[in-house]
Amino acid sequence: MSPASTGASTVVGAVPSVPSAASSAVPSSDSRMAPGGPGYRRMSFALFLAGVATFALLYSTQALLPLISGEFGVAASEASWTVAAATGGLALFVLPMSALSERYGRRTVMTASLAVAVTVGLLVPFAPSLGALVVLRGLQGAALAGLPASATAYLAEEVRPKALITAIGLFVAGNSVGGMSGRVITGWVAQEWGWRVAVGVIGAVAVGCAVAFRLLLPAPRHFVAGSLRPRVLARTVRDHLTDPLLRRLYAIGALFMTVFGGVYTVIGYRLTEAPFSLPQGIVGSIFLVYLVGTVSASTAGRLVGRLGRRGALYLAGGTTAAGLLLSLADSLALVLLGLVLITSGFFAGHAVASSAVSKTATTGRAQASALYQSAYYIGSSAGSTVGATAFHAGGWAGTVGVGVLAVLGVVTITAFGTRAARVAARREPVAAH
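Quantities reported herein were computed from a predicted structural model and do not represent experimental measurements.

Concerning helix H7 (residues 81-104)
Moving on, step 1. Across its 24 residues, H7 extends 32 Å between first and last C-alpha, which sits within 8% of the 34 Å expected from 1.5 Å per residue.
Moving on, step 2. Helix geometry: H7 is bent most strongly at valine 94, by close to 45 degrees, with proline proline 96 lying one to four residues after it.
Moving on, step 3. Two residues or fewer after H7 comes glycine 105, characterised by a positive phi angle close to 110 degrees.

Remarks on the packing of aromatic side chains
Moving on, step 1. All told, the structure shown has 10 aromatic pairs when counted by the stated rule.
Moving on, step 2. Where tyrosine 376 meets tyrosine 377, the ring centres are 4.7 Å apart and the plane angle is 85 degrees; that geometry is what we call edge-to-face.
Moving on, step 3. Linked through ring pairs, Phe260, Tyr264, Phe346, Phe347, Tyr372, Tyr376 and Tyr377 together constitute an aromatic cluster.
Moving on, step 4. It is arginine 103 that lies over the ring of tyrosine 104; its NZ or CZ is 5.6 Å from the centre.

Topic: a positive patch on the surface
Moving on, step 1. On the surface, Arg419, Arg422, Arg426 and Arg427 cluster together into a positively charged patch.
Moving on, step 2. Among the structural elements, arginine 422 can be located in helix H20 (residues 396-432).

Structural notes on the confidence of the model for the protein
Moving on, step 1. For the protein, the mean per-residue pLDDT works out to 84, and 91% of the residues sit at or above 70.
Moving on, step 2. Counted against residues more than four places away or in other chains, residues 1-28, with its pLDDT under 50, gives 64 contacts.

Side note on the environment of threonine 54
Moving on, step 1. On the secondary structure map, threonine 54 appears in helix H4 (residues 40-58).
Moving on, step 2. When the C-alpha positions of threonine 54 and isoleucine 165 are compared, they lie 20 Å apart, and in sequence the two are 111 residues distant.
Moving on, step 3. When sequence neighbours within four positions are dropped, the list of residues in contact with threonine 54 reads Leu114, Leu144 and Leu147.

Regarding a nonpolar patch on the surface
Moving on, step 1. On the surface, a cluster of nonpolar side chains totalling about 350 Å² of accessible area is made up of Leu122, Val207, Val211 and Leu215.
Moving on, step 2. In terms of residue count, helix H12 (residues 195-216) provides more of the nonpolar patch than any other element does, 3 residues in total.
Moving on, step 3. When you line up the elements, valine 207 lands in helix H12.

Thoughts on the nonpolar core
Moving on, step 1. Ranked by internal contacts, the top residues of the largest apolar core, which has 125 residues, are Met43, Leu47, Leu155 and Tyr264.
Moving on, step 2. The element best represented in this core is helix H14 (residues 244-272), accounting for 16 residues.
Moving on, step 3. Leave out the neighbours within four places in its chain, and leucine 47 touches Met110, Ala151, Tyr154, Leu155, Phe171, Phe213 and Leu217.

What counts as what
Residues numbered from 1 in each chain as written. Predicted model: local features only at pLDDT ≥ 70, side-chain atom pairs only at ≥ 80, totals over all residues. Heavy atoms only, no water. Helix = DSSP H or I, 4+ residues; strand = E, 2+ residues; numbered from the N terminus. Expected span 1.5 Å × (residues − 1). Bend = angle between axes of the 7 residues up to and from the residue. Phe/Tyr/Trp six-rings, centres within 6.5 Å; stacked < 30°, edge-to-face > 60°. Lys NZ or Arg CZ within 6 Å of the ring centre and 35° of its normal. Patch = residues over 30% accessible without salt bridge, like charges linked within 9 Å, V, L, I, M, F, W, Y side chains within 5 Å. Areas by Shrake-Rupley, 256 points an atom, 1.4 Å probe, with all protein chains shown as cover. Salt bridge = Lys/Arg side-chain N within 4 Å of Asp/Glu carboxyl O. Lys, Arg positive; Asp, Glu negative; His and termini not counted. Charge placed at Lys NZ, Arg CZ, Asp CG, Glu CD. pLDDT = per-residue confidence, 0-100. Contact = heavy atoms within 4.5 Å. Core = buried A, V, L, I, M, F, W, Y, C linked by side-chain atoms within 4.5 Å. Buried < 20%, exposed > 50% of the residue type's maximum accessible area, 1.4 Å probe, protein only.

Written out as structure tokens, the structure is:
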């Protein structure tokens, strides 16, 4: 019985993070990419840049919310829709865009997604009202939807299985660098020239990343075009949603992102208010803690190799919860340490869960990844809006409370998976007789 049907974690847990010299050499019978093999570095850097552009664009307004609130005269809960609209647009369109990638190819859809997203990004600075800004951000998120699911499907098809979790970890690391650099850049630029110039600069940076991505990414060699027939797509989606392991992974991704979306949507408001009263440039620099996420995502394979998938998820959840509780302090040093732990735990958990989805789904990988991304960004939208509402009602403690509940959900789901795997393991010897 396969791990996908039992809920066991052996598929991902057995994957080493760094293949040995012998295993990394691509044999003549396998033309897929592996560390040290032809095209692997170009592919890794191209998808790293795609991750940078995606997160820089997707969250370009997050560090600027206090300034946007000030210009349009709205509360945090209203300004947060500039983030929620983008992530919500991505969540809604990721599944249909993944279907297009099954038919027309991963590289084609990723290129088109970035092209449209950067074009919209150059229009965002000229939004005349909050409503127009929210609409543009929603369109930008919808355009970006073709990239996340297509990227993981591309990796699952073009990279050898033993190198997959490392390759996906590098893509997620690109997400963290994009999220960090976008917020740091916008913070300092906005302090001098305002939020409109800041988001324009991010749009220009994303253009460069998109061009380099298209020039560097190797052409796919193992893609087989699928069908666009709605009945086929519906059957594939149904199969994924009835898989208990995939359902748990989708829920875990959504809950982790609920924490992350809530914390980083609201943190700017907390740090610009008393007792910290930090200027916008310094608040933007707080997002340098994303570098911790880069490290934790890229080393997720080693973590899974030592602890197994469920052990890695427990550790990621515990680290995130500890960071949330530390961030309640009125000491800036402790708040920063809390953000480091939250970021580290989130990116590790996300890398483990997303790579497990790619390993579990043997057919319809783009749809499996799309469903994960949809759940993930629904979690982001929920975290942004609920976290901001909780902050308005109960201050930072309210946002932390939302995050702690989400982490408890991660731990509960993982524990349920552990129990399901043990029950299945006891049944298999009986079935063998």
